[in-house]
Amino acid sequence: MAPILNYYLIHEPDGPPSDTLLLILQGSDCNTVLKNESIFTEYKNVWPEADVLLIDKYGIDRGLSFSSDAERKDCPPQYIHNDSPEQRVVDIQAVLDIVREDNKYLNLIIFGGSEGAVIANLVTTRIDDVNATVSFNGGGQKFIDDVLHSIKSGSESDDEAAESIQGFRGFYNHILNSEPSDLEVSGHGYDWWHQMLSIDQLEILKEVNTPLLVIQGGRDLSVSPQKVDEMVQALINMGKNNIDYRTYKDLGHGFKNTEGESKRNLVINNINVWLKSKLGSPE
């Protein structure tokens, strides 16, 4: 039986046809995109007039309850077996072909955070007519640096961090030098880990020639703000003038400040201003 991939095209039922398609890409969790509340209450407002395209991962549908547990036990096996950056990119391309064949959109905006930021950047290199891309809190050049940053941030002592880092470096070397297997670690299988640990985001962003906004929270505990700074500076040094960079020094991975207050709407408003500078104001 072939894996099932669900996608959803959302538009205002009583409004005029939109000339813009906004593709919103979720992160690495095993959840249906339909139960990501921030998409519907906040993220869609980066371009409120757009039709919104959402794509679930293999085996996931609206029937799967939401869970914040990265190692949830009820995650569908089809998801684990088909979960990888390259598979997501291929699937997104296929869905975009179908959706845009039925609806002739003038503009395509791609928007993603965390793992979704990496995927947004990859998709942008594969499609010729992306008008603008926004990727936020997607990490630096190498995923291993972001994992090590996350380990340090979450450890209670230097000794605990050193032990965990040593263990992960062993896992890193094993993944990159072993044959494919049925391993499952932190809710992901071999293909996901091998590809994520092999990706060079600097090389990806060098290939993006359309408007791209990279956003990074300065207090992100999941990915390394320093490594993102270094990567963007390298791109600037190469003369890449299509990439804009915005940092929010007091915000974390989910755009909350040190008091736990969400500043997501502030970020989204700023994204909307940036998009209007690239696409013009919607009519």
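Everything in this summary refers to the structure shown in the same document. Keep in mind that this is a model prediction, so the values were computed, not measured. (Residues numbered from 1 in each chain as written. Predicted model: local features only at pLDDT ≥ 70, side-chain atom pairs only at ≥ 80, totals over all residues. Heavy atoms only, no water.)

1. Things to note about the overall build of the protein chain
No. 1: When you go through the protein chain residue by residue, the secondary structure sums to 10 helices and nine strands.
No. 2: Overall size of the protein chain, expressed as C-alpha extent along the three principal axes, is 60 × 50 × 35 Å.
No. 3: Residues counted as buried form 48% of the 283 residues belonging to the protein chain.
No. 4: Put simply, of all contacts in the protein chain between residues at least 6 apart along the chain, 75% involve residues at least 24 apart.
No. 5: Surface exposure of the protein chain reaches about 14100 Å², of which carbon and sulfur atoms provide 46%.
No. 6: Side chains of the protein chain give 24 positive and 44 negative charges; the mean places of these two sets differ by 4 Å. (Helix = DSSP H or I, 4+ residues; strand = E, 2+ residues; numbered from the N terminus. Buried < 20%, exposed > 50% of the residue type's maximum accessible area, 1.4 Å probe, protein only. Contact = heavy atoms within 4.5 Å. Areas by Shrake-Rupley, 256 points an atom, 1.4 Å probe, with all protein chains shown as cover. Lys, Arg positive; Asp, Glu negative; His and termini not counted. Charge placed at Lys NZ, Arg CZ, Asp CG, Glu CD.)

2. Some details on the layout of surface pockets
No. 1: In this structure, the second largest pocket occupies an estimated 370 Å³ of space.
No. 2: In this structure, the second largest pocket is lined by 19 residues; those nearest its centre are P16, P17, S18, D19 and E49. (1 Å grid on protein atoms, 1.4 Å probe; cavity = no way out; pocket = protein on both sides within 12 Å on 5 of 7 lines; lining within 4 Å. Points joined across faces, edges and corners; volume = space filled by probe spheres on them.)

3. Some thoughts on the packing of aromatic side chains
No. 1: Taken as a whole, this structure holds 11 aromatic pairs when the rule is applied.
No. 2: For the ring pair W192 and W193, a centre distance of 4.9 Å and an interplane angle of 85 degrees mean the geometry is edge-to-face. One exposure class covers both W192 and W193, and it is buried.
No. 3: Taken together, the ring pairs in this structure connect Y43, F111, F136, Y248 and F255 into an aromatic cluster. (Phe/Tyr/Trp six-rings, centres within 6.5 Å; stacked < 30°, edge-to-face > 60°.)

4. Here's the deal with the sheet that holds strand β3 (residues 51–55)
Consider a sheet: its strands pair through backbone hydrogen bonds, and that pairing is either parallel or antiparallel.
No. 1: In space, the seven strands of this open sheet follow the order β1-β3-β2-β4-β5-β8-β9, with mixed pairing throughout. Of all strands in the sheet, those with a lone pairing partner are β1 (7–10) and β9 (243–248), marking the two edges. Each strand axis lies, on average, 15 degrees off the axis of its neighbour in the sheet, ignoring direction.
No. 2: Summarising the sheet, β1 and β3 pair through four bridges and their orientation is antiparallel. (Pairing = 2+ DSSP bridges. Axes fitted to C-alpha atoms, helices over the stretch in contact; angles between N-to-C directions.)

5. Focus on the side chain of S18
No. 1: Tracing the sequence through the fold places S18 in the loop between β1 and β2 (20–25).
No. 2: By relative accessible area, which is 15% here, S18 ends up buried.
No. 3: In contact with S18, not counting residues within four places along its chain, are E49, A50, D51 and Y105.

6. Observations regarding the nonpolar core
No. 1: If you look at the biggest cluster of nonpolar residues, it comprises 37 residues, and the most contacted ones within it are L23, L53, I92, L96, I110, F168 and W193.
No. 2: Those elements giving two or more residues to this core turn out to be β2, β3, α3 (85–102), β4 (107–113), α4 (115–126), α5 (143–154), α6 (158–177) and α7 (190–198).
No. 3: Ignoring anything within four residues of it in the chain, the contact list for W193 reads F143, F168, F171, I175, L183, V185, S186 and H188.
No. 4: Judged by nonpolar contacts, the second largest core, of 27 residues, contains V33, W47, V52 and V134. (Core = buried A, V, L, I, M, F, W, Y, C linked by side-chain atoms within 4.5 Å.)

7. Observations concerning empty space enclosed by the protein
No. 1: Under the defined criterion, the tally for this structure stands at three cavities of 30 Å³ or more.
No. 2: Together, 13 residues line the largest cavity, and D56, K57, Y58, R88 and D91 are the ones closest to its centre.
No. 3: Looking at the lining of the largest cavity element by element, the count peaks at four residues for α3.
No. 4: Per-class residue counts for the lining of the largest cavity are six nonpolar, two polar and five charged. (Nonpolar A, V, L, I, M, F, W, Y, C, P; charged D, E, K, R; others polar.)

8. Structural notes on the environment of N177
No. 1: Positionally, N177 belongs in helix α6.
No. 2: Separated by 17 residues in the primary sequence, N177 and H194 place their C-alpha atoms 9.3 Å from one another.
No. 3: A polar atom in the side chain of N177 sits 2.7 Å from the backbone oxygen of N173. (Polar contact = N/O pair within 3.5 Å; in protein donor to acceptor, adjacent residues only side chain to side chain.)

9. Points about the state of the cysteines
Linking two cysteines covalently via their sulfur atoms produces the bond known as a disulfide.
No. 1: The final tally for this structure, using the stated rule, is one disulfide.
No. 2: With its sulfur 2.1 Å from that of its partner, C30 forms a disulfide with C75. The chirality of the disulfide connecting C30 with C75 is right-handed, given an S-S dihedral of about 105 degrees. Residue C30 is located in the loop between β2 and α1 (37–41), and its partner C75 is located in the loop between β3 and α2 (77–82); the two are separated by 45 residues in the primary sequence.
No. 3: Taking the relative accessible area as the measure of exposure, C30 reaches 9% and is therefore buried. (Disulfide = S-S within 2.5 Å.)

Read these as geometric descriptors, not functional statements.
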